[in-house]
Amino acid sequence: TRSIMSEYRMYVVIDIGISSCTIAVAPVCAELKPKQILVYNWPWLCRERDACPSILLVNPSKEFEKFGQEAYRAYRNLSKDDAKKYYYFYRFKMNLYQAPDATMIKAANGKELPAVDVFAMALKFLRDAALEFLGCVAFDCIDQVKWIVTVPAIWSDAAKEMMRSASNKIGLTRDSLMLVYEPAAAAVCSLLRQKHTTDYEKCYLVVDCGYETVDLAALKLIKKGGQNTTITELAPPIWDSCGGYAVSDQFELLFQKIFKISNQDLLQIKERYSAEWNGLIYNIISNFDVDPDKPDSFIYIPIPTGIENKIYSLTGKYVEDLIQAFENKDIESFFDLMGLRYPVLLDLFNPITNKIYVLIKKFLTIEDCKSISEVLMVGEFVENKLLYADIKGKLKRDFPNVKTYCTSTSRNSVVEGAVLSAQLKIKYLRCQKKSASFVTSKLASMSIHSESPSINTDSCEEAMTLPFVVSRKMRYTIGVETSVPFEDDCNGCPAACATLQKQYDKLTRLPVDTLVSTPMVY
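Residues numbered from 1 in each chain as written. Predicted model: local features only at pLDDT ≥ 70, side-chain atom pairs only at ≥ 80, totals over all residues. Heavy atoms only, no water.

## Notes on the overall build of the chain
The condition is simple: Each helix is a run of H or I in the DSSP string that is no shorter than four residues. Each strand is a run of E no shorter than two, and both are numbered from the N terminus. Exposure is judged per residue with a 1.4 Å probe applied to protein chains only, and the accessible area is read against the type maximum: over 50% gives exposed, under 20% gives buried, and values in between give partly exposed. Throughout, a contact is declared for two residues whenever any of their heavy atoms are within 4.5 Å. Under the convention used here, a 1.4 Å probe and the Shrake-Rupley method define accessible areas, while residue burial counts only the protein chains that appear.
Helix and strand counts for the chain come out as 17 helices and 24 strands. Burial statistics for the chain: of 522 residues in total, 55% are counted as buried. If you take every contact in the chain between residues at least 6 apart in sequence, the share linking residues at least 24 apart comes to 70%. When the accessible surface of the chain is summed, it comes to about 22,800 Å², and 50% of that surface belongs to carbon and sulfur atoms.

Rendered as structure tokens:
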């Protein structure tokens, strides 16, 4: 049997996220360094971003049509009648968070396709893009590529096997394919960037903050001499849907107050101008110019023309006039730009950062996780300085002995770490406790032709009685037995918080189960 050094010449990582996808390539060599890992840019798809939107369009014949931004544009240009014949998948990975053993994935228009086919089409597009990129560097032999596909640690074995089947379906054989756990990859990336060359043992809490979800995993990383690096789960990984787009909940309230529009008017704007609305939210959560040290400075968010015109038709007033009339010194207008000061942004982000922090705090107080000395924050949402500064400050206050940090390339930590994990042949030890899912925020809608009404769950009592299967509502779930509304520690519903604490304590006080030794790469 040939060694990996002679069999493969390149690593290719494919990371299919809930909101976006990333590709990275690196040479197979004895001394691989992080700077040799190249992240593929998508200039014709997403402009100034390293990721391609996770949007798939399938034609009525159930064949691949478009992917990424091109899929969105193609579907947007369809008539309503034609759109009903197509399959439009966005955030399709979320299906396997909410139903880990699902075999079918529902499209935005209600039609379904097998999950393995949906992921196979996405993987094929990304595989071909990677090969085209490698062709630009005089390399085009698929048989000499070691393919690495990242998967969430919270996925079930059935979901991971489905991903392997989808990969095999497009020609990525079992020998040439690795599935790498995302939080472990982030931890390895951090380890290598800190240049630990000697024996090393440390416990991390990896907090992967994306624009859709937040994934948390408590890991012990051990590196001894020339032996393989070992990563052990200290507790079951968890996830929560309070990612960056959850800021939409708070922004909608502010938007209605400023422009004096009703719930129905806002619903019309979001449905008629869904692309513009999601772009508006993205501009808020991805604005990296926010500086907590300069609270008097403004950041300016452009109001899309379509939304601006709709507001004028509803109110008979221009956007800038309505902003000026709002009489808030922390909000100002500049032509079609809305300027927001730090206090306003803090109000928008506080509910999200509070929820993320409560999850981190719960993890750090679990008996099996008290050895954690570092909180590693990764993901594109962490690049927002307001989020990172708020959580870091709270951790410093409550856990002074725990170090909090993020890497300089936090958005690409997973793909970079995946390559390094393959190079180091990481051994991964999984905790066999039942994993818990914590869903606290409704996802921002990207529907284009959908006319379904939104669900109002502002009432605490109503939220507690809604069934688990309702996906677009604020809820806090443990397994499938409990469904209570999430509130932060300060002003939450006492009954709900008591129920939550009781169930969570019951879950986390289980005896430590036997760890199963499995390769980090499948």
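## What about the sheet that holds strand S7 (residues 87-90)?
Test applied: Only strands joined by at least two bridges in the DSSP assignment are considered to pair. Axis lines are fitted to C-alpha atoms, over the contacting stretch for helices. Their N-to-C directions set the angle, which ranges from 0 to 180 degrees.
Within the open sheet, the three strands sit side by side as S6-S5-S7. Their pairing is antiparallel. Both edges of this open sheet fall to strand S6 (64-67) and S7, since each of them pairs with a single strand only. Neighbouring strand axes in the sheet, compared pairwise and without regard to direction, differ in orientation by 15° on average. With three bridges joining them, strand S5 (residues 55-58) and S6 adopt antiparallel strand pairing. Counterpart to Leu57 in the pairing with S6 is Lys66. The sheet strands contacting helix H5 (residues 115-135) are S5, S6 and S7, and the helix crosses S6 at an angle near 60°.

## A few points about the pattern of salt bridges
A pair can form between side chains of opposite charge whenever their charged atoms are brought close. Going by this rule: Here, a salt bridge means any Lys or Arg side-chain nitrogen found within 4 Å of an Asp or Glu carboxyl oxygen.
As enumerated under the stated definition, the model contains 15 salt bridges in all. Note that Lys370 is salt-bridged to Glu367, the shortest N-O span being 3.4 Å. You can call Lys370 exposed: its relative accessible area is 53%. Given a relative accessible area of 60%, Glu367 falls into the exposed group.

## Description of a nonpolar patch on the surface
Worth spelling out the cut-off: Note on patches: the residues involved have over 30% relative accessible area and no salt bridge, like charges join within 9 Å, and the nonpolar side chains Val, Leu, Ile, Met, Phe, Trp and Tyr join within 5 Å.
The grouping of Tyr300, Phe334 and Phe335 at the surface amounts to a nonpolar patch, some 350 Å² of accessible area in total. Counting through the fold element by element, Phe334 comes out in strand S17 (residues 331-334).

## As for the side chain of Asp390
Mapped onto the elements, Asp390 comes out in helix H14 (residues 385-398). For Asp390, a relative accessible area of 18% translates into the label buried. Setting aside its immediate chain neighbours within four residues, Asp390 contacts Asn350 and Thr353.

## Brief notes about the nonpolar core
This is how it is decided: Among buried residues, the Ala, Val, Leu, Ile, Met, Phe, Trp, Tyr and Cys ones that are joined through side-chain atoms within 4.5 Å form a nonpolar core.
Phe89, Phe92, Phe119, Leu205, Val207, Phe255 and Ile356 are the most contacted members of the largest nonpolar core, which has 156 residues in total. Ranked by residue count, the leading element in this core is H5, at 13 residues. Setting aside chain neighbours within four positions, we find Phe255 in contact with Lys260, Ile261, Leu266, Ile269, Trp277, Leu280, Ile307 and Ile311. Counting nine residues, the second-largest nonpolar core is a separate cluster that includes Ile55, Leu57, Ala71 and Ala83.

## Regarding the sheet that holds S17
Strand order in the open sheet formed by three strands is S16-S18-S17, and the pairing between neighbours is antiparallel. The open sheet terminates on both sides in strands that have one partner only, identified here as strand S16 (298-302) and S17. Recorded for the sheet is a direction-independent mean angle of 30° between the axes of neighbouring strands.

## Concerning helix H2 (residues 69-76)
Convention followed: Within this analysis, the arc is defined by the directions that extend from the helix axis to the C-beta atoms.
Within H2, the full set of buried residues consists of Ala71, Tyr72 and Tyr75. Buried positions in H2, seen along its axis, are confined to an arc of 100° and lie on one side of it. Buried residues in H2 make contact with S5, S6, helix H3 (80-83), S7 and helix H10 (274-285).

## Thoughts on H14
A turn of α-helix holds 3.6 residues, and therefore any two residues three or four places apart point the same way. Rule in force here: One fewer than the residue count of a helix, multiplied by 1.5 Å, yields its expected span. Polar contact is the term for a pair of N or O atoms within 3.5 Å; when the atoms are in protein, one must be able to donate a hydrogen and the other to accept it, and sequence-neighboring residues count only if both atoms are side-chain atoms.
Over its 14 residues, H14 extends 20 Å from the first C-alpha to the last, a length consistent with the 20 Å expected when each residue adds 1.5 Å. Of all the residues in H14, the buried ones are Leu386, Leu387, Tyr388, Asp390, Ile391, Lys394 and Leu395. The inward-facing, buried residues of H14 contact strand S12 (200-209), helix H13 (342-364), strand S19 (374-378) and strand S20 (403-405). The N-cap residue of H14 is Asn384: its side-chain oxygen and the backbone nitrogen of Leu386 are 3.0 Å apart.

## Focus: the state of the cysteines
Note the following rule: Any pair of cysteine sulfurs within 2.5 Å is marked as a disulfide.
Under the defined criterion, the tally for this structure stands at zero disulfides. Take Cys203: it sits in no disulfide, and the sulfur closest to it among the cysteines is that of Cys369, at 8.5 Å. Distance from the sulfur of Cys209, which forms no disulfide, to the nearest cysteine sulfur (Cys242) is 7.9 Å. For Cys209, a relative accessible area of 0% puts it in the buried group.

## Considerations on the environment of Cys406
Checked against the element boundaries, Cys406 lands in the loop between S20 and helix H15 (413-424). With 28 residues separating them in the primary sequence, Cys406 and Val378 have C-alpha atoms 6.0 Å apart. Setting aside residues no more than four positions away along its own chain, Cys406 makes contact with Leu376, Met377, Val382 and Tyr388.

## Notes on the packing of aromatic side chains
For clarity, the threshold we go by: Here is the rule: rings of Phe, Tyr and Trp (six-membered ring for Trp) pair when centre to centre is within 6.5 Å. Planes less than 30 degrees apart are stacked, more than 60 are edge-to-face, and the remainder are tilted.
By the definition in use, this model includes 18 aromatic pairs. Consider the rings of Phe67 and Phe125, whose centres lie 5.0 Å apart with planes at 35°: the pair is tilted. Within this pair, whereas Phe67 is found in strand S6, its partner Phe125 is found in helix H5, the two being separated by 58 residues in sequence. Classification of Phe67 by relative accessible area gives buried; the value is 1%. An angle of 5° between the planes, with centres 4.0 Å apart, marks the rings of Tyr75 and Tyr88 as stacked. Linking Tyr75 in helix H2 with Tyr88 in strand S7, this pair joins segments that are 13 residues apart in sequence. Residues Tyr75 and Tyr88 agree in their burial class; the two are buried.

It is worth stressing that arrangement in space is one thing and function is another; only the former is reported here.
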